[in-house]
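One-letter residues, chain by chain:
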Amino acid sequence: MKNQVNNSDKLTNTIWVSRVAPECVDTLKFLKNGRLTSYSCEIEYQAKGNYTVKADTVIAFVNEDFHGDVENWRYTYVQKNDKLILIRSEQKFKGKWRLIKGNFEQNYTLRKIK
C-alpha cells in the first residue's frame, strides 16, 4: 500500500491531455488525496472522480452526472514516460462493472503537459 501512495503522489498536480479533434482537447487533472477531474471536450462536460496507482497502472473512477442520470466509469491506463495509454473502459450497470468494447482504446492516449 505504501508503494501505491508514493506513486499517486507523483501524479498529484499533473495535467494530461488528448487531442480528439483539431479544436477539441480532453483533459485529465490529478489532484491531491487521490482525486481527479476529467473534461470531455466533445460533450463539454467536466466530471469528478478518484484514482489509484499501482506500479505503471492508473485506475480512474469517474462519476458523470448528466441531468440527474449518474454514470460510473472505470478507466485503466498504463503510464509510459509522459503518456497515459487507455487499455480498458468499464461502466457500472446495476451494481456490476461491464467492459465497454471498442477500438477507441487503441487510439486514446493522454500526454502530460504539466
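Residues numbered from 1 in each chain as written. Predicted model: local features only at pLDDT ≥ 70, side-chain atom pairs only at ≥ 80, totals over all residues. Heavy atoms only, no water.

Observations regarding the pairing of strand 1 (residues 14-21)
Then comes step 1: Of the pairings in the sheet, the one linking strand 1 to strand 2 (residues 24-30) comprises 7 bridges and is antiparallel in character. Across the sheet, residue W16 finds its bridge partner in strand 2, namely L28.
Then comes step 2: By the bridge criterion, 2 bridges tie strand 1 to strand 9 (residues 109-112) in an arrangement that is antiparallel. Across the sheet, W16 pairs through a bridge with K112, a residue of strand 9. (Pairing = 2+ DSSP bridges. Helix = DSSP H or I, 4+ residues; strand = E, 2+ residues; numbered from the N terminus.)

Points about the packing of aromatic side chains
Then comes step 1: Counted according to the given criterion, the structure contains 3 aromatic pairs.
Then comes step 2: Considering the side-chain rings of F30 and Y51, the 4.6 Å spacing of their centres and the 75° angle between planes classify their relative orientation as edge-to-face. A residue pair is termed long-range when its members are at least 10 positions apart, and F30 in strand 2 and Y51 in strand 4 (residues 45-54) qualify at 21 residues. Here the two residues F30 and Y51 agree in accessibility, since each one is buried.
Then comes step 3: Summarising the aromatic geometry, the rings of W73 and Y75 are spaced 5.9 Å apart at their centres and angled 5° between planes, so their arrangement reads as stacked. Y75 carries the same exposure label as W73, and that label is buried. (Phe/Tyr/Trp six-rings, centres within 6.5 Å; stacked < 30°, edge-to-face > 60°. Buried < 20%, exposed > 50% of the residue type's maximum accessible area, 1.4 Å probe, protein only.)

Topic: the confidence of the model for the chain
Then comes step 1: Here the chain shows a mean pLDDT of 87. Residues at 70 or above account for 89%.
Then comes step 2: The weakest mean pLDDT in the chain belongs to helix 1 (residues 2-11) at 57; the strongest belongs to strand 2 at 96.
Then comes step 3: Low pLDDT, under 50, characterises residues 1-6; the predicted model gives this stretch 2 contacts beyond four residues in sequence or across chains. (pLDDT = per-residue confidence, 0-100. Contact = heavy atoms within 4.5 Å.)

A short note on the nonpolar core
Then comes step 1: Grouped together as the largest cluster of nonpolar side chains are 19 residues, with contacts concentrated most on L28, F30, Y77 and L84.
Then comes step 2: Ignoring anything within four residues of it in the chain, the contact list for L28 reads T14, I15, W16, L36, T37, S38, Y77, L84 and L110. (Core = buried A, V, L, I, M, F, W, Y, C linked by side-chain atoms within 4.5 Å.)

Examining the state of the cysteines
Then comes step 1: Per the stated rule, a full pass over the model turns up 1 disulfide.
Then comes step 2: With a sulfur-sulfur separation of 2.1 Å, C24 is cross-linked through a disulfide to C41. Sign of the S-S torsion, about -135° for the bond between C24 and C41, identifies this disulfide as left-handed. In this pair, C24 is assigned in strand 2 and C41 in the loop between strand 3 (35-40) and strand 4, connecting sequence segments 17 residues apart. The two residues C24 and C41 agree in class, both being buried. (Disulfide = S-S within 2.5 Å.)

Topic: the environment of I87
Then comes step 1: Examined against the element boundaries, I87 turns out to sit in strand 7 (residues 83-93).
Then comes step 2: According to the relative accessible area criterion, I87 is partly exposed, its value standing at 47%.

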